[in-house]
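Spelled out, the chains give:
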Amino acid sequence: MSDRNNNYTIGWICAITTELVAAQAFLDERHEGPDYVSQNDDNIYTLGRVGKHNVVIAVLPDGEYGIASAASVARDMLHSFSNIRLGLMVGIGGGAPSKKHDIRLGDIVISDPSNGNGGVFQYDFGKTIQDRIFRTTGFLNKPPRVLLAAVSTLKAEYESDGHQYESAINEILEKKRRLRKKYIRPDPSSDRLYQSGVVHPIDEGASCMESCGNDPSTWVSRPERTEEDDSPTIHYGLIASANQLMKDAFVRDKLAAEKDVMCFEMEAAGLMNNFPCLVIRGICDYSDSHKNKEWQGYAAMMAAAYAKDFLCKIPPSRVEAEKRISEVLSG
């Protein structure tokens, strides 16, 4: 392994190209590619610096999704960068809004342990018993304590002073104007949460505004956020992960009510037990049939903005005090 590879202690994983573009945009410094990559490693890497940390970023192969693919990318990363101590999974996800959690497009959900769970649970792994109730089994590890301490630090800071993500994103888009079309914040009027029983027509390529009508009675009524509210808002709680794309509002609502789920995605369950990390998801849709890509770019930028602020709260000496992930797994 190249000695230069040992300089990188933070592993950052993205699922899709949109997330990789956002991650690269928030690097304080871009480095040349690695001198050495293991023969057992199929990843292509972006290297750089965020704050005082050297980070290595990898993205899942184009067209590949899910838990196994994420686990494979993380495993390959550790073959080439054995000095990695901490991980991040940063990108987009589907929100699970409820009366308890006012989740909106562009918001962020952070995997935060509570109520006996580790912050992420795999909702398609379990058993069906005689009463025909599907019960999840297994346990996923929670993020390392140093990452959770940084979450608490940011949470306190934002509660007191708010965040500056909007201006940070706009500053990047001023420098990289070709990204503006896809990554700028969409018009807030396009953020519509439809009633659970309103289903987008199958194989209908038109927008919801055209296909699902413009009748406010089909939407969930939500108050406008005030100046005192952080917008976008950061939520902390349970992220549901599985090898399937959640597009069913009734299942979404059921899991939100039963498990207090805030977000759905397709990769994190493949990482938590073998790549200790924090999962950061920008909300780009509502996990229902009304999916579109309009909010994906902005949601990815929001997630990357949080990741950068987050890393800047962790002293490099604290990262060095952590065991190498490869040592933890081999031990």
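Residues numbered from 1 in each chain as written. Predicted model: local features only at pLDDT ≥ 70, side-chain atom pairs only at ≥ 80, totals over all residues. Heavy atoms only, no water.

Caption draft 1: How the structure looks around the overall build of the protein. Within the protein one finds 10 helices and 12 strands. Each of the 331 residues in the protein was classed as buried or not, and the buried ones make up 52%. Considering only residue pairs separated by 6 or more positions, the protein has 77% of its internal contacts joining residues 24 or more positions apart. For the protein, the accessible area works out to roughly 16,000 Å², and carbon and sulfur atoms hold 47% of it. (Helix = DSSP H or I, 4+ residues; strand = E, 2+ residues; numbered from the N terminus. Buried < 20%, exposed > 50% of the residue type's maximum accessible area, 1.4 Å probe, protein only. Contact = heavy atoms within 4.5 Å. Areas by Shrake-Rupley, 256 points an atom, 1.4 Å probe, with all protein chains shown as cover.)

Caption draft 2: Region of the structure containing the side chain of Asp191. Within the secondary structure, Asp191 is located in the loop between helix 5 (180-183) and helix 6 (208-211). Judged by relative accessible area, Asp191 falls into the buried class, the value being 16%. Those residues in contact with Asp191 that sit more than four places away from it in its chain are Arg104, Leu105, Arg222, Tyr286 and Trp295.

Caption draft 3: Quick peek at the packing of helix 3 (residues 145-161) against helix 8 (residues 296-311). At a minimum axis distance of 10 Å, the contact between helix 3 and helix 8 shows a crossing angle of 105°. The angle between helix 3 and helix 8 falls in the class roughly perpendicular. Mapping the contact onto sequence places Leu147, Ala150, Val151, Leu154 and Tyr158 in helix 3 and Tyr306, Asp309 and Phe310 in helix 8. Split into classes, the residues belonging to the contact of helix 3 with helix 8 amount to 7 nonpolar, no polar and 1 charged. (Axes fitted to C-alpha atoms, helices over the stretch in contact; angles between N-to-C directions. Parallel < 35°, antiparallel > 145°, perpendicular 65-115°, else oblique. Nonpolar A, V, L, I, M, F, W, Y, C, P; charged D, E, K, R; others polar.)

Caption draft 4: View of helix 3. For helix 3, with 17 residues, the first-to-last C-alpha span of 24 Å sits near the 24 Å given by 1.5 Å per residue. By the burial criterion, the buried members of helix 3 are Val146, Leu147, Leu148, Ala150, Val151, Leu154 and Tyr158. Gly162 sits one or two residues past helix 3 and shows a positive phi near 75°. (Expected span 1.5 Å × (residues − 1).)

Caption draft 5: Structural view of the nonpolar core. In terms of nonpolar packing, the biggest core is built from 88 residues, with Trp12, Ile280, Tyr306 and Phe310 touching the most fellow members. Among the elements that take part in this core, helix 8 stands out by supplying 12 residues, more than any other. Dropping the residues within four chain positions of it, Ile280 is found in contact with Leu88, Met89, Val90, Gly91, Ile108, Val109, Ile110, Ala303, Tyr306 and Ala307. If you look at the next biggest cluster of nonpolar residues, it comprises 11 residues, including Phe121, Ala240, Ala242 and Met246. (Core = buried A, V, L, I, M, F, W, Y, C linked by side-chain atoms within 4.5 Å.)

Caption draft 6: Looking closely at the packing of helix 1 (residues 17-25) against helix 8. Contact pair helix 1 / helix 8: the axes reach a minimum separation of 8 Å and the direction vectors enclose 45°. Judged by the angle between their axes, helix 1 and helix 8 are oblique. Handedness of the helix 1/helix 8 crossing: right-handed. Touching Thr18, Glu19, Ala22, Ala23 and Ala25 of helix 1 are Gln296, Gly297, Ala300, Met301 and Ala304, all from helix 8. Residues of the contact of helix 1 with helix 8, tallied by class, amount to 6 nonpolar, 3 polar and 1 charged. (Left-handed = near helix turned anticlockwise from the far one by under 90°.)

Caption draft 7: Highlighting the pattern of salt bridges. Using the criterion set out here, one finds 23 salt bridges in the structure. A salt bridge links Arg281 to Glu19, with the shortest nitrogen-to-oxygen separation between them at 3.7 Å. With Arg281 in strand 12 (residues 277-285) and Glu19 in helix 1, this pair connects stretches of sequence that are 262 residues apart. In terms of burial, Arg281 and Glu19 fall into one category: buried. Its salt-bridge partner being Glu174, residue Arg180 comes within 3.4 Å of it at the nearest N-O pair. Among the charged side chains, a network of salt bridges with common partners joins Glu19, Glu265, Glu267 and Arg281. (Salt bridge = Lys/Arg side-chain N within 4 Å of Asp/Glu carboxyl O.)

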